[in-house]
Amino acid sequence: MINTRAIHIRLILWYSGLIVLVSLAFGAFVYHGVQERLYGEMEQTLTRRAEQIAANMLPHLHDKPPHTMAAQITDVYSPEASGSFIRILRGDHSVVYVSGMPKDRLFYPAKVSLPVGRIAGRRMEQLGPDLVMMIVTVPAKLHGQTYYIQMGGLTHGIRSALDELITMLLFGLPVAAVIASVGGYVLVRRLLQPVEDIRATAEKITFGNLSSRLPVAPTGDALEHLSLTLNQMLARLEDAYEQARRFSADASHELRTPLAILRGELESILREPGLSEHFRERVGSVLEETESLSRITEKLFALS
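Residues numbered from 1 in each chain as written. Predicted model: local features only at pLDDT ≥ 70, side-chain atom pairs only at ≥ 80, totals over all residues. Heavy atoms only, no water.

K.L.:
When you look at the sheet that holds strand 5 (residues 145-154) in this model, what are you seeing that I'm missing?
P.N.:
Pairing between sheet strands relies on hydrogen bonds along the backbone, with the strands arranged either parallel or antiparallel. Here we have 5 strands laid out as an open sheet, ordered 2-1-5-4-3, and antiparallel in their pairing. Sheet topology places strand 2 (95-98) and strand 3 (121-128) at the edges, where each strand pairs with a single neighbour. Shown here is a sheet whose adjacent strand axes are inclined to one another by a mean of 20°, direction ignored. Here strand 1 (residues 85-90) runs beside strand 5; their pairing, made up of 6 bridges, is antiparallel. Among the inter-strand pairings, Ile86 is bridged to a residue of strand 5, identified as Met151. (Pairing = 2+ DSSP bridges. Helix = DSSP H or I, 4+ residues; strand = E, 2+ residues; numbered from the N terminus. Axes fitted to C-alpha atoms, helices over the stretch in contact; angles between N-to-C directions.)

K.L.:
Would you take a moment to explain the nonpolar core for this structure?
P.N.:
Across soluble globular proteins, nonpolar side chains show a tendency to be buried alongside one another. Ile53, Leu58, Ile73, Ile86, Ile88 and Ile149 are the most contacted members of the largest nonpolar core, which has 29 residues in total. Of all the secondary-structure elements, those providing two or more residues to this core are helix 1 (7-61), helix 2 (66-77), strand 1, strand 2, strand 4 (131-142), strand 5 and helix 4 (156-191). Ranked by residues supplied to this core, first place goes to helix 1 with 9 residues. When sequence neighbours within four positions are dropped, the list of residues in contact with Ile53 reads Leu58, Pro59, Tyr77, Ile86, Ile88, Ile149 and Met151. (Core = buried A, V, L, I, M, F, W, Y, C linked by side-chain atoms within 4.5 Å. Buried < 20%, exposed > 50% of the residue type's maximum accessible area, 1.4 Å probe, protein only. Contact = heavy atoms within 4.5 Å.)

K.L.:
Just checking my understanding: could you explain the pattern of salt bridges for this structure?
P.N.:
Side chains that carry opposite charge are capable of pairing whenever their charged atoms lie near each other. For the structure shown, the criterion picks out 4 salt bridges. When the shortest N-O distance is used, the salt bridge between Glu41 and Arg37 registers 2.8 Å. You can see Glu41 and its partner Arg37 sitting in helix 1, 4 residues apart, about one turn around the helix. By relative accessible area, Glu41 is classed as partly exposed at 36%. On the basis of relative accessible area, Arg37 is assigned to the exposed category, the value being 56%. One salt bridge connects Glu125 with Arg123, and the closest N-O pair in it is separated by 2.8 Å. (Salt bridge = Lys/Arg side-chain N within 4 Å of Asp/Glu carboxyl O.)

K.L.:
It is not clear to me how the pairing of strand 4 should be interpreted in this structure. Could you clarify?
P.N.:
Look at any regular strand and the pattern is simple: side chains alternate between the two faces of the sheet. Burial within strand 4 is extensive, with 9 of its 12 residues counted as buried. Both strand 3 and strand 4 contribute to a ladder of 7 bridges, which runs antiparallel. When the sheet's bridge partners are listed, Met124 is paired in strand 4 with Met134. Strand direction decides the pairing type here: strand 4 and strand 5, joined by 10 bridges, are antiparallel. When the bridges of strand 5 are listed, Met133 appears paired with Leu154. Hairpin remark: strand 4 followed by strand 5, antiparallel, with 2 residues in the connecting loop; positive phi at His143, about 55°.

What follows is the structure, encoded as structure tokens:
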């Protein structure tokens, strides 16, 4: 079972969550940017073609029969073969020209709705469940009369490209997030290795090897400062322990000789004849306490 309270697990979870959020934001940014770029380029292409018709063809065709205009536009732009839509309107929205049925028969040009309200600019028209057309309208003035040239194109190619992009993002971003998370796990483990080294070394330090010191990682951050501080604490503990050990050794050594002399004198007194029983008991009691102090001194000496 994963210990979610462990610092390296929390770091990895936060890191993975950040990677996921950044990946989602990056994917949305890329998708929006590509979408705007594709639709913008399509709009520019349609606008340029409509302006070409308004500047180069309309002045020569406005007083010609409709079949002449149709033939000329077909020769230059081939809307039926390319699957595009072209329509020329007068200012009163009456139709001067409309392109014919495309070869793939995906839409009917005659059924494309006439503009309402604001005419110039770009608009999107839903022609079917999965069929959308972008229509660009460019106004033109000719002999005091207003004309509108409309150029249209189906957006299914753009939709297919965007769908492929979504598929790539849906599969690519999770893989990138997993790889980044695994890399983050390895990186976090390596970054926390000095902490593990400090823990392992500290676990081995006892009163028998107080001269050992914790490893100091030259990181220049709080980890290095912590190691130095702990090593200073170990040095102070070692000094305090050495002082206590020397005091115990010196004290036990200084007490052994007086206690030995005192015990010898008491034993000599007990061997003297003519001592009363009461005095002999009191001296014996003092001798027992002296022997007890001698044993304590010997243990203190052995401990030091």
